[in-house]
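Structure assessment
The primary structure of each chain is shown beneath.
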Amino acid sequence: MKPVFHPALVNDVFGDPAVYVDFLFEKRALLFDLGDLRNLATRKILRVRDVFVSHAHMDHFFGFDWLLRLCLGREIRIRLFGPAGFLGQVEAKLAGYTWNLVENYDTDFTLDATEVLSETEARSARFRCRAEFRRENEHEWTISDGVLLDEENHTVRFGLLDHKIPCLAFALQEKLHVNIWKNRLDDLDLEPGPWLQSFKRSVLDGLPGDTPITARRRGRGEITFRLDYLAGTIAHISTGQKIAYVTDAVYHDANAERIVQLAKGADEFFIEAVFGEELVERAAQKYHLTARQAGSLAQRAGVKFPVPFHFSPIYHDREYELREEFERAFRG
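All residue numbers refer to position in the chain's written sequence, counted from 1. At least 70 in pLDDT is required for a residue's local features to be given in this predicted model, at least 80 for side-chain atom pairs to be given and counted, and no such filter applies to totals for whole chains, interfaces and linings, which use all residues. Note that the side-chain values use all heavy atoms of the structure and ignore hydrogens as well as water.

Quick look at the sheet that holds strand 8 (residues 135-142)
A pair of strands is considered paired only if DSSP assigns at least 2 bridges between the two. Counting from the N terminus, the helices are DSSP H or I runs at least four residues long and the strands are E runs at least two residues long. If you trace the eight strands from one edge of the open sheet to the other, you get 1-2-3-4-5-6-7-8, paired in mixed fashion. Two strands lie at the open edges of the sheet, namely strand 1 (5-9) and strand 8, each paired on one side alone. Between one strand axis and the next, the sheet turns through 15 degrees on average, direction left out of account. In the sheet, strand 5 (residues 77-83) pairs with strand 6 (residues 110-116) via seven bridges, with the strands oriented parallel. Residue pairing for strand 6: R77 is matched across the bridge by T110. Lines fitted to the C-alpha atoms define the axes, with helices restricted to the stretch that makes contact. Angles between their N-to-C directions range from 0 to 180 degrees.

Some words on helix 3 (residues 64-71)
Each residue is placed in one exposure class: buried if its accessible area under a 1.4 Å probe, protein chains only, is under 20% of its type's maximum, exposed if it is over 50%, and partly exposed if it falls in between. Taken as a whole, helix 3 has its buried residues at F64, L67, L68, L70 and C71. Residues are treated as being in contact if the distance between any of their heavy atoms lies within 4.5 Å. The elements touched by buried residues of helix 3 are helix 1 (42-45), strand 4 (48-52), helix 2 (58-61), strand 5, helix 4 (86-95) and strand 6.

Details of the environment of E278
Structurally, E278 can be placed in the loop between strand 17 (268-272) and helix 9 (280-285). Overall, the relative accessible area of 51% leaves E278 in the exposed class. C-alpha separation for the pair E278 and A298, spaced 20 residues apart in sequence, amounts to 20 Å. With sequence-adjacent residues up to four places away left out, E278 is seen in contact with Y315, R318 and E325. Within the local environment of E278, its side chain forms a polar contact with the side chain of Y315, the two groups lying 2.6 Å apart. Contacts described as polar in this section are N or O atom pairs within 3.5 Å, which, within protein, must combine one atom able to donate a hydrogen with one able to accept it, while residues neighboring in sequence count only if both atoms come from side chains.

Considerations on the pairing of strand 11 (residues 166-174)
Across the nine residues of strand 11, seven count as buried, placing the element largely inside the fold. Relative to strand 11, strand 10 (residues 154-162) runs antiparallel, the two sharing nine bridges. The residue of strand 11 that forms the bridge with D162 is P166. Relative to strand 16 (residues 242-246), strand 11 runs antiparallel, the two being bridged by four bridges. The residue of strand 16 that forms the bridge with Q173 is K242.

Quick look at the sheet that holds strand 16
Each strand in a sheet pairs with its neighbour through backbone hydrogen bonds, running either in the same direction (parallel) or in the opposite one (antiparallel). Spatial ordering of the open sheet is given by 9-10-11-16-17-18, a layout of six strands whose pairing is mixed. Two strands lie at the open edges of the sheet, namely strand 9 (147-150) and strand 18 (305-309), each paired on one side alone. Strand-to-strand twist across the sheet, computed as the mean angle between neighbouring axes with direction ignored, equals 15 degrees.

Side note on helix 11 (residues 319-331)
Between the first and last C-alpha of helix 11 there are 19 Å, a value that for 13 residues agrees with the 18 Å anticipated at 1.5 Å per step. Burial in helix 11 covers these residues: L322, E325, F326, A329 and F330. Taken down its axis, helix 11 places every buried residue within 130 degrees of arc, on the same side. Residues of helix 11 that are exposed and point more than 90 degrees away from the buried face comprise R328 and R331. Contact partners of the buried residues in helix 11: strand 17, helix 10 (291-301) and strand 18. A helix is expected to span 1.5 Å multiplied by its residue count minus one. For this quantity, the arc is that covered by the directions from the helix axis to the C-beta atoms.

Points about the nonpolar core
Buried Ala, Val, Leu, Ile, Met, Phe, Trp, Tyr and Cys residues that are joined via side-chain atoms within 4.5 Å together make up what is termed a nonpolar core. If you look at the biggest cluster of nonpolar residues, it comprises 55 residues, and the most contacted ones within it are V21, F32, F52, F170 and F269. Those residues in contact with F32 that sit more than four places away from it in its chain are A18, V19, V21, F52, F170, L172, I243 and Y245. Counting residues in each nonpolar core, the second largest holds 35 residues, with V10, L31, V51 and V102 among its members.

Digging into the packing of aromatic side chains
Stacked, edge-to-face and tilted are the three classes for Phe, Tyr and Trp ring pairs, Trp counted by its six-membered ring, which pair at centre distances within 6.5 Å; planes under 30 degrees apart are stacked, over 60 edge-to-face, the rest tilted. What the rule picks out here adds up to 15 aromatic pairs. On the basis of an interplanar angle of 50 degrees and a centroid distance of 5.9 Å, the ring pair of F32 and F52 is categorised as tilted. Separated by 20 residues along the polypeptide, F32 in strand 3 (residues 29-32) and F52 in strand 4 bring together distant segments of the chain. Each member of the pair, F32 as well as F52, carries the same accessibility label: buried. Taking 5.7 Å as the distance between ring centres and 15 degrees as the angle between the ring planes, the aromatic pair formed by F225 and Y229 counts as stacked. You can call F225 buried: its relative accessible area is 13%. Of the residues examined, Y229 reaches a relative accessible area of 40% and is grouped as partly exposed. Over the aromatic face of F23 sits the side chain of R28, whose NZ or CZ is 4.9 Å from the ring centroid. Of note, K93 hangs over the ring of F61, and the distance from its end group to the ring centre comes to 5.2 Å. In this scheme, Lys NZ or Arg CZ marks a charge over a ring once it lies within 6 Å of the ring centre and within 35 degrees of the ring normal.

This is the structure we're talking about:
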């Protein structure tokens, strides 16, 4: 089964936190956190349409200016999500520059920013280039079931964690995965094409089984099938892919439970592992996880492929120690 989401760390495990998630069948991508983005190719940054910021400590928000610099002057709209106070932080970043000439731009680069006020409340506002990035269209809305973003085939949920300040963790979930069997298309003498996307949308939308789907036969025009027939003949429909992202959280029972529930069953789980267990007190003082704690949380969540990162630079020559500690805890 070919995965739809392709996540990767932007920097190495000692660098600023940022995970880039490319979407296989769409010209788009998303980012978890905005650490230093200069290792990311410009063409990749220009695919970003959604950014989820855990909190605004510098190593998680430094890349905002680089994102702004590359997107400015382009007809792009990006949605930003962050914790309480995030609208003011975005506004302050934008206010650090002079925008007296942007009204002449042909394009209107736009940022739609949202701050999570609580587990059930959010506030959003818009910042447009041609309006000199003044705050517009501010409004509050209700969060349901932890969902920040609900798209045709994926959702992004959040968990509210304690880093001595509110810090967000995120989980990207594909609703369903519809995999087309090419050999079954051949058996029915059907050719791939845009009609397959219409078929997939019908499956994802849960349309009735007798919904007509018009397909294309090789060199012989169109033919119509029932949705349920095609779904049972040419496609494998399964639970969708899940990616979770957790960074900057102290270890205590409430945080641990929220992390486990958010990441439960994730295919890939990016989780900080800042210190070794010998520095567990220092980790608590700095509101971070140890490698053992992170590995234990990954094990409890039942994730498939955990990716520890955000290592303290004091382990620069001892990276293997954190990895081994994490792995032992994950394997139980």
